[in-house]
Amino acid sequence: MAKLYINETNKLSHINPEIYGHFSEHLGRCIYEGLYVGENSDIPNTNGMRNDVVAALKEMQIPLLRWPGGCFADEYHWKDGIGPKETRKKMINTHWGGVVEDNSFGTHEFFELCEQLGCKTYINGNVGSGTVQEMSEWVEYMTFDGVSPMADLRKKNGHENPWKIDYFGVGNENWGCGGNMTPEYYANLYRRFQTYVRHYNNAEPIKKVCGGPNVADYFWTEGVLETCFAPPHPDFAHGYMDGLSLHYYVHPEGWDIKGSATEFDDKVWYKTLAKAKYIEELIERHGAIMDQYDPEKKIGMIVDEWGCWFTVEPGTNPGFLYQQNTMRDALVAGISLDIFNKHSDRVKMACIAQMVNVLQSVILTEGPKMILTPTYHVFHMYKHHQDADLVESSIDGTKIIGREEEWQVPNLSESVSVSADGTINITLSNLSIEEDTEMEIAFAECQPRKITAAIVTNEMHAYNTFEEPEKVKEEVFDDYTVENGVVKFTIPKCSVMSLRVK
Ligand code: AHR
């Protein structure tokens, strides 16, 4: 028996909707085929965007989309992706499979997609192989509402009004694929490049994201902040930056081997979940360094790449990073999102990598067919946390489980928030593959009148295929009782749940 105590009257921090953000790169079949099929495709589309995928993402309440990369961003030259499609330059996507990139999806198409999705925009600029002028002109092209060479060019290309950039990333992984820089070198470049990311529309300033560390590279965080952190200044929202990124992927067998997405044993199950849980230590330790510079937590930690990275599906292009998605991914998503919620005082955005057909995707496509993955259903159940307030919660009676001493995890994960209308949103996972757990939920004051609950549960290897698209799906959960204000039920092994209590 485990008891979840909720003090819904103690609001701890606001959960930024952007924590439920997504990432789309020019990589494999994410943009082309997954999102964009072109206006002349037989696949039903609106201005080239797949109608089925857009509808599913809207239903999941996607709050933000990051584009165009990733490693691709530091090789992307935005002017190649504007103007008449037939004259756009073609290039080789050297990072990802060496395929021809015809630039038919560019700036205009990205904003069209975000408009259809109704989500915020996060553009990643090129520091690794680009120039200050190129970055500055891109911002002018997208956001300047007046007479200027770039605004005129945008108008000539068919878009009279400027768009809104919510976030702008100044480079990506500049410690690696974005130029192999040292922290000091990147930080100096960051100071220079970000100067020219102008807020043309002062009413809605662009939030600038500085390239942060890979996994546990605390020297990077320290080195970059030492050089680029600047005290608040009237011209800038929070000095030179509004956010610092963090990238962390779960590779069950390490970076070189990674491991199969669908074939794994009990040991690897727990090892994967323990590695997912490790992101909490990363957030706390990088956060402690950020606290030294920014004790008021004005700068967000931007976890703009996270998720499971397995070996590609047999028979697929190794450069396309296409992988299946099982119940194990659902648990990784539940654990990670609970951690982001619980650290929402510092974590202001997180983007799972990547949205469609790449790594831990919420959607997979094959020609005209589309399936929703177990990870999709978790995002769908967790959507009510967006824009809600995190409240105090703790579980008594958790067990530490696992097969190997090094890779043990608590059997339960949870986070709780309160929406503006007073609804209490509880998300809860059972990480065990052998034991169901009896649960009781007690509140500080709430006397539950109405409960709406859902569950994603199955055998640990279960996943959806184009032949069997609904093997893993969200189902209504009504096997609970309420006695004296206490909610009682059994959470099945290997499951992710959500309860909404009024
Ligand atoms: O998401 C795949 C790649 O992982 C991204 O392009 C890069 O930023 C990271 O290394």
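Residues numbered from 1 in each chain as written. Predicted model: local features only at pLDDT ≥ 70, side-chain atom pairs only at ≥ 80, totals over all residues. Heavy atoms only, no water.

J.: Explain the site of the ligand to me, please; I cannot follow it from the model alone.
T.: Neighbouring residues of the ligand: 13 residues in total, closest Glu25, Cys71, Glu173, Tyr249 and Glu305. Here an oxygen atom of the ligand sits 2.7 Å away from a polar atom, N or O, in the side chain of Glu25. Tyr249 places a polar side-chain atom, nitrogen or oxygen, 2.7 Å from an oxygen atom of the ligand. Calculation on the ligand without its partners gives an accessible area of 280 Å², and the protein chains cover 94% of this total. Using a 2 Å cut-off from the grid points, one finds that the ligand occupies the largest pocket. (Near = heavy atom within 4 Å. Polar contact = N/O pair within 3.5 Å; in protein donor to acceptor, adjacent residues only side chain to side chain. Areas by Shrake-Rupley, 256 points an atom, 1.4 Å probe, with all protein chains shown as cover. 1 Å grid on protein atoms, 1.4 Å probe; cavity = no way out; pocket = protein on both sides within 12 Å on 5 of 7 lines; lining within 4 Å. Sits in = over half its atoms within 2 Å of the grid points.)

J.: Quick question: what am I supposed to make of the nonpolar core here?
T.: Nonpolar side chains in soluble globular proteins generally cluster together in the buried interior. Counting 132 residues, the largest nonpolar core has Leu57, Phe168 and Phe340 as its most contacted members. Here this core spans two domains, and each of domain 1 (2–7 + 391–501) and domain 2 (15–387) adds at least three residues to it. Not counting chain neighbours up to four residues away, the residues in contact with Leu57 comprise Leu35, Ile62, Leu117, Met355, Val362 and Ile363. One finds Ala2, Ile441, Ile451 and Phe489 within the second-largest nonpolar core, a separate group that totals 25 residues. (Core = buried A, V, L, I, M, F, W, Y, C linked by side-chain atoms within 4.5 Å. Buried < 20%, exposed > 50% of the residue type's maximum accessible area, 1.4 Å probe, protein only. Domains from an automatic or database assignment. Contact = heavy atoms within 4.5 Å.)

J.: It is not clear to me how the sheet that holds strand S24 (residues 480–483) should be interpreted in this structure. Could you clarify?
T.: What links the strands of a sheet is backbone hydrogen bonding, and the strands pair in either a parallel or an antiparallel sense. Read across the sheet, ten strands follow the order S23-S22-S26-S20-S19-S16-S1-S21-S25-S24 without closing on themselves; strand pairing throughout is mixed. Only two strands of the sheet have a single partner each, and these edge strands are strand S23 (475–476) and S24. Relative to strand S19 (residues 412–418), helix H10 (residues 327–342) is tilted by about 50°, and along the sheet it contacts strand S16 (389–396), S19, strand S20 (424–430), strand S22 (451–457) and strand S26 (495–501). Here helix H11 (residues 374–382) sits on the sheet in contact with S20, S22 and S26, set at roughly 20° to S26. (Pairing = 2+ DSSP bridges. Helix = DSSP H or I, 4+ residues; strand = E, 2+ residues; numbered from the N terminus. Axes fitted to C-alpha atoms, helices over the stretch in contact; angles between N-to-C directions.)

J.: Explain the environment of Asp166 to me, please; I cannot follow it from the model alone.
T.: Of note, Asp166 is situated in the loop between helix H4 (149–156) and strand S9 (167–170). Apart from the residues lying within four places of it in its own chain, the contact partners of Asp166 are Lys120, Thr121, Ile206 and Lys207. Within the local environment of Asp166, its side chain forms a polar contact with the side chain of Lys164, the two groups lying 2.5 Å apart.

J.: In this structure, what is going on with the domain arrangement of the protein? I would like to understand it.
T.: Many analyses report the size of an interface as the accessible area lost when the parts associate. Split into domains, the protein comes out as domain 1 (2–7 + 391–501) and domain 2 (15–387). Between domain 1 and domain 2, the residue contacts involve 47 residues of the former and 42 residues of the latter. Between domain 1 and domain 2, the buried area comes to about 3500 Å², and carbon and sulfur atoms account for 68% of it. Ranking the residues of domain 1 by area buried against domain 2 places Trp407, Met460 and Phe466 at the top, with a combined share of 21%. (Buried area = accessible area lost by both parts, 1.4 Å probe.)

J.: Hey, could you run me through the layout of surface pockets in this one?
T.: The gaps left among the atoms become clear once a water-sized probe is rolled over them. Estimates place the volume of the largest pocket at around 490 Å³. Lining the largest pocket we find 24 residues, and of these Asn214, Val215, Tyr249, His251 and Trp255 sit closest to its centre. Counting residues per element, the ones that place at least two in the lining of the largest pocket are strand S11 (243–250) and helix H8 (266–277). Here the element with the most residues in the lining of the largest pocket is S11; it accounts for three residues. Grouping the amino acids of the lining of the largest pocket by side-chain chemistry returns 15 nonpolar, five polar and four charged. (Points joined across faces, edges and corners; volume = space filled by probe spheres on them. Nonpolar A, V, L, I, M, F, W, Y, C, P; charged D, E, K, R; others polar.)

J.: Is there a simple way to explain the sheet that holds strand S8 (residues 120–125) in this structure?
T.: Taken in spatial order, the eight strands close into a barrel running S2-S5-S8-S9-S10-S11-S12-S13, and their pairing is parallel. On average, each strand axis in the sheet is tilted by 25° relative to the strand beside it, whichever way the strands run. Relative to S8, strand S5 (residues 64–67) is paired through four bridges, and the arrangement is parallel. Across the sheet, residue Arg66 finds its bridge partner in S8, namely Tyr122.

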